[in-house]
Amino acid sequence: MIETGLMYFFAAVALGGSIAMLIARHPMRVALALITTMLSLAGIYALLGVHVLAVFQVLIYVGAVMVFMVYVILLIDVRDSAFAQRFSWLLVPGIAGFVGLAAILCFALWRGDSAPGSAAAPPFGVRPFSEVFLNEYWLYFELVSVLLVAAVVAAIAVVKIGTRRHG
Amino acid sequence: MADTELLVGLGAVLYAAGLVGVMVRRNALVMLMCMELMLNGVNLTLVTFARQTGATEGAVLVFLVFVVAAAEVAIAIPILLLLARARRTLDVEAYAELKG
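To start, this report covers the structure provided alongside it. Per-chain numbering applies: the sequence of each chain, read as written, is numbered from 1 onward. Written order determines the labels here, with chains lettered from A and ligands numbered from 1. Whole-chain, interface and lining totals are the exception, using all residues; otherwise, since this is a predicted model, local features are given only for residues with pLDDT of at least 70 and side-chain atom pairs are given and counted only at 80 or more.

A look at the environment of Val30 of chain A
Elements are defined by DSSP. Helices are runs of H or I of four residues or more, strands are runs of E of two residues or more, and each kind is numbered from the N terminus. Tracing the sequence through the fold places Val30 of chain A in helix α2 (residues 27-47). Burial in this document is a count-based property: other C-beta atoms within 10 Å of a residue's C-beta are tallied, and the residue is buried at 20 or more, exposed at 12 or fewer, or partly exposed in between, with C-beta positions derived from the backbone. Given 27 C-beta atoms within 10 Å, Val30 of chain A falls into the buried group. Linking Val30 of chain A and Ala64 of chain A, residues 34 residues apart in sequence, is a C-alpha distance of 17 Å. Not counting residues within four places of it along the chain, the set of residues in contact with Val30 of chain A comprises Met21 and Ala24 of chain A together with Val30 and Met33 of chain B. Contacts are defined on C-beta atoms placed from the backbone: any two residues whose C-beta positions lie within 7 Å are in contact.

Some points on the environment of Val70 of chain A
Residue and element names in this part refer to chain A. Relative to the assigned elements, Val70 resides in helix α3 (residues 51-75). By C-beta crowding, Val70 is classed as partly exposed, having 15 other C-beta atoms within 10 Å. On a C-alpha basis, the gap between Val70 and Val52 in space is 25 Å, while along the polypeptide they are 18 residues apart. With residues up to four places along the chain from it excluded, the contact list for Val70 reads Met28 and Ala31.

Overview of the interface of chain B and chain A
Contact with chain B, which involves 63 residues of that partner, is made by 75 residues of chain A. Going through the elements one at a time, α1 (2-24), α2 (28-53) and α3 (56-87) of chain B are the ones with two or more residues in the side of chain B that touches chain A. Ranked by the residues each element gives to the side of chain B that touches chain A, the list is headed by α3 of chain B, at 24 residues.

Here we look at helix α1 (residues 2-23) of chain A
Because each turn of an α-helix spans 3.6 residues, side chains separated by three or four positions end up pointing in the same direction. Residue and element names in this part refer to chain A. What a helix is expected to span follows from its residue count: subtract one and scale by 1.5 Å. For α1, built from 22 residues, the straight-helix expectation of 32 Å at 1.5 Å per residue is met to within 8% by its first-to-last C-alpha distance of 32 Å. Of all the positions in α1, only Phe10, Ala11, Ala14, Gly17, Ser18, Met21 and Leu22 are classed as buried. Along the axis of α1, the buried residues cluster in a sector spanning 145°; they form a single face. Projecting away from the buried face of α1 at angles above 90 degrees are the exposed residues Ile2, Gly5, Tyr8 and Ala12. Arc definition: it is the arc formed by the directions from the helix axis to the C-beta atoms.

Written out as structure tokens, the structure reads:
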């Protein structure tokens, strides 16, 4: 009972955070709204019993990605014209597209077959996750590490090209 | 199982909100954050379905999506900083040279 209430609470907070992202003016407030959404999604993952992903959501998304993002917002000039005017000329078609897309997706969800309902699936913790991850999907693990190295090298290359061009 | 439908619907709405954010907002950094919101919506759907079928593979896939998103941000942020240094603005209206 309390889990259902918490689930609805976290879903409402995630929804409110995403709407606040769309209407907030300053990028820092957008970032804080996104952090709120991500934390409530982590709460939902924990309620679903997928604790590994809840921890990774907090560690990787909130801890790494969003801290990086907030740091960059602090570096950027606040008198930017993009800070003053929030919306581009696409506002009305964008809102119409949002309503249309959300309506189509929710209509498909409502019309679709209901869940197969294997609600008795055991919650998987760290151990089954890492067994599957490092036994069956070790190749993807290694490829992801290669991707991260490539991303670091590419970021350094981008910064170096920029400093050479602008002195 | 009403939870599944609630969460898949929430994922769909988060995805749509991220998409409209990318389309509507002017600040390139905010557009990047809205892309992260789209990724989060898809992740929520993936986790919900993985939980429903008890498949651990879904969790592995979500973890890989986390790492790819981190790599994407690590590339995108230096590009945005260079853009801001070149034009003194992050307004996407200022970068319209390719418009015909």
